[in-house]
Every structure is written in C-alpha cells, then in structure tokens.
Amino acid sequence: MHMKSPIRHILLVDEPSEEQAVLVDTIKSAGYRVFEVSTKDDAMVLLRKISVDLVITELMMSDINGWDLLTDIKAKYPQIHVVVMTGQVSEAGEAILLDRKADGYLVKPVIPERVRVLLRALLEPHNLDRDAEVVLVAEKDEHREKMIQILGERGLNVFAFDRPKPLTRHIRMNPPELVIVDIHVQVNMGLELCRLVRFTPGTVYAPILLIVDKPSRNVVEKAIRLRVNGILARPFEPDELGSRAIDLVKQAEARKMVSKTQNKRIRH
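From a predicted model like this one, the values you see are computed outputs, not experimental measurements. Within each chain, residues carry numbers counting from 1 in the order of the written sequence. Local features in this predicted model are restricted to residues of pLDDT 70 or higher, and side-chain atom pairs are both shown and tallied only at a pLDDT of 80 or more, whereas totals for entire chains, interfaces and linings draw on every residue. Hydrogens are left out, water is left out, and the side-chain values use all remaining heavy atoms of the structure.

J.: I would appreciate a short explanation of the packing of helix 1 (residues 18-29) against helix 5 (residues 112-123) in the present structure.
T.: A packed helix pair is summarised by two numbers, namely the angle formed by the two axes and the spacing between the axes. Orientation is described by axes fitted as lines to C-alpha atoms, over the contacting stretch for helices, and by angles from 0 to 180 degrees between their N-to-C directions. For helices the rule is a DSSP run of H or I covering at least 4 residues; for strands it is a run of E covering at least 2, with both sets numbered from the N terminus onward. Two elements in contact, helix 1 and helix 5, have axes separated by 10 Å at closest approach and are oriented at 45 degrees. Considering their axes alone, helix 1 and helix 5 lie oblique with respect to each other. For the element pair helix 1 and helix 5, the recorded crossing hand is right-handed. Seen from helix 1, the contacting residues are Leu23, Thr26, Ile27 and Ser29; seen from helix 5, they are Pro112, Val115, Arg116 and Leu119. Reported orientations rely on four angle classes, namely roughly parallel under 35 degrees, roughly antiparallel over 145, roughly perpendicular from 65 to 115, and oblique for the rest. Less than a right angle of anticlockwise turn of the near helix away from the far helix marks a crossing as left-handed, whereas a clockwise turn marks it as right-handed. Contacts: residue pairs with any heavy atoms within 4.5 Å of one another.

And the structure:
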C-alpha cells in the first residue's frame, strides 16, 4: 500500500457563487486544504507567502483574465499545477489549453467526482501527474463499480461499457490511453472485444489489460496474437489493478516518446 500523502494546498481563484461553494466543499471533502481569492493580485500575493501545489482559476471574471494568471504562474512557479475552469470548451479551446500549458480543465457546472479524479491525478505522487482516460469493458455489476472506484482513486477517468456498439462509437471518437477488458463480458466475449479494440482506428496501439479468472495457455496464446499488453488474474488486490493501469499508460507514453525521437532523427 502507498504511504499517506501530506496534505496538499489548493488555491481557488473565482468570484463568490453557489457553484464556487460546491467546489470548495468538494476539494475539502477530498482531503485537501483550499484557499480562496477573487483577484489576480491577491492570487500572486498568496503564492509568494504560502506553498501551493495547485491553482484552480476561472477563465473569465469581471476583473481578471485566467489566461494571464496561468501565464504568470507558469513563468514564476513552473512546479505548480494550474487547472482552468470555463463554461464551454470547444476544440479550439482545448488546443489553447494545451498550448498555454494548463495541466487540466473543468467545465462548468463542475461534477464533484470529476474534480476529485483530476486532483488525484495531479497531486498524488503515485499517479500520472496529469489527466488520462481509461475505457473499462465489463458487465454491469458490483465488480465493475468496484473497479471504477479503484481506477478513479488513481486519478483515471473511467468510461465503462458492456456492449460492442457503444464501445466502438466511443473509442472511435475519443481514443483512450488504456482499455481494460474483463474476459467474461458478453458471455466470455472478452477476447473478441479485445480484437475489436485492436482493429479500431485510434486504438490500434492502445495498451490493453485483460482480466481473467485463470490465465490458461489457450487464453494467453490468443491474447498474445491480439497484442494484449497485460493479463491480471482474479482475485487481485485493489492496489494491483490501479498500479497495473498506471504502469501500462506510462509504458505507452514512453514508447510514443521514443518513436517521436526516432522519427526526428530519420527526418534530419
């Protein structure tokens, strides 16, 4: 088990409102300490006085531009995570967020569980230090709910499916960074769904974690042919599922970095 992390400090920059109060309560209930200010000047003064791990700022307020605050914080305190809030995020908006090096964003009205997952992803040292999406393919039961909870505690956004059509539609439009498949989904159709994932554009190279009762030779051979990246046998400890998921995402990320480096060398 991981050691308990020290209490993290979060600065919220927003004008007072009922929604802000909900956000504050959500942050506190997740075990973090929150400071509240409503102006850019107050935010920069507080950052000089107190060690803050993460700043959440509204993009547009009456006397502050969240982009300017993001730029100033990243220039003076690059180690601090910054999450921006906005009413809408278009594709152009997402590109701006990435270009300006925001560490994440929240769309209003904020969903408390989304807030908790994002904070865990950015602030817990054993997690990814960024946002990531996982697709879980499993039957609707208490075991799936438990897995969603475990992965959420590791800062992973989980989208769960138990049917091929909605699964295919989702991964085509929103390719995840990891797909976890229970072999028993759809009456032992897990391997076929792994095949579907592997041959769907967008997830051809996505890591797949297959959950089985016992990794028989037949299952292992089929999984290898489908380029499944890992097998996790039941019963498993909650921390084991979370750690395997994080490791597979990190490994895929490392492979992408190596591939980019090699492509740059080839072009030059």
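J.: Is there a simple way to think about the sheet that holds strand 6 (residues 81-86) in this case?
T.: Backbone hydrogen bonds hold the strands of a sheet together, and the pairing may be parallel or antiparallel. Here the rule is simple: two strands pair whenever DSSP picks up at least two bridges between them. If you walk across this open sheet you meet the five strands as 2-1-3-6-7, and the pairing is parallel. Across the chains shown, the open sheet's two edge strands, defined by having one partner strand only, are strand 2 (33-37) and strand 7 (104-107). Averaged over all pairs of adjacent strands, the angle between strand axes in this sheet comes to 20 degrees, irrespective of strand direction. Direction of pairing for strand 1 (residues 9-13) relative to strand 2: parallel, over a ladder of five bridges. Among the inter-strand pairings, Ile10 is bridged to a residue of strand 2, identified as Val34. Packing of helix 5 onto the sheet brings it into contact with strand 1, strand 3 (54-58), strand 6 and strand 7, and relative to strand 7 it is tilted by some 170 degrees.

J.: I keep staring at the nonpolar core and nothing clicks. Help me out?
T.: Nonpolar side chains tend toward joint burial in soluble globular proteins. Residues belong to one nonpolar core when they are buried, are Ala, Val, Leu, Ile, Met, Phe, Trp, Tyr or Cys, and are joined through side-chain atoms within 4.5 Å. Three exposure classes are used, based on accessible area relative to the maximum for each residue type with a 1.4 Å probe and protein chains only: buried under 20%, partly exposed in between, and exposed over 50%. Counting residues in each nonpolar core, the largest one holds 22 residues, and the members touching the most others are Leu11, Val13, Leu47, Val55, Leu69 and Ile73. Setting aside residues up to four positions removed in sequence, Leu47 forms contacts with Leu11, Val52, Val55, Ile73, Tyr77 and Ile80.

J.: Would you take a moment to explain the pairing of strand 8 (residues 133-137) for this structure?
T.: For a regular strand, side chains alternate in direction, first toward one face of the sheet and then toward the other. Most of strand 8 sits inside the fold, with five of its five residues counted as buried. The alternating pattern of strand 8 places Glu133, Val135 and Val137 and Val134 and Leu136 on opposite faces, both of which are buried. The pairing of strand 8 with strand 9 (residues 157-161) spans five bridges and is parallel. When the sheet's bridge partners are listed, Val135 is paired in strand 9 with Phe159. Each parallel crossover has a hand, and the one from strand 8 via helix 6 (residues 142-153) to strand 9 is right-handed. The handedness of a crossover follows from its direction of travel: if, with the strands pointing away from the viewer, the path from the first strand over the helix to the second runs clockwise, the crossover is right-handed.

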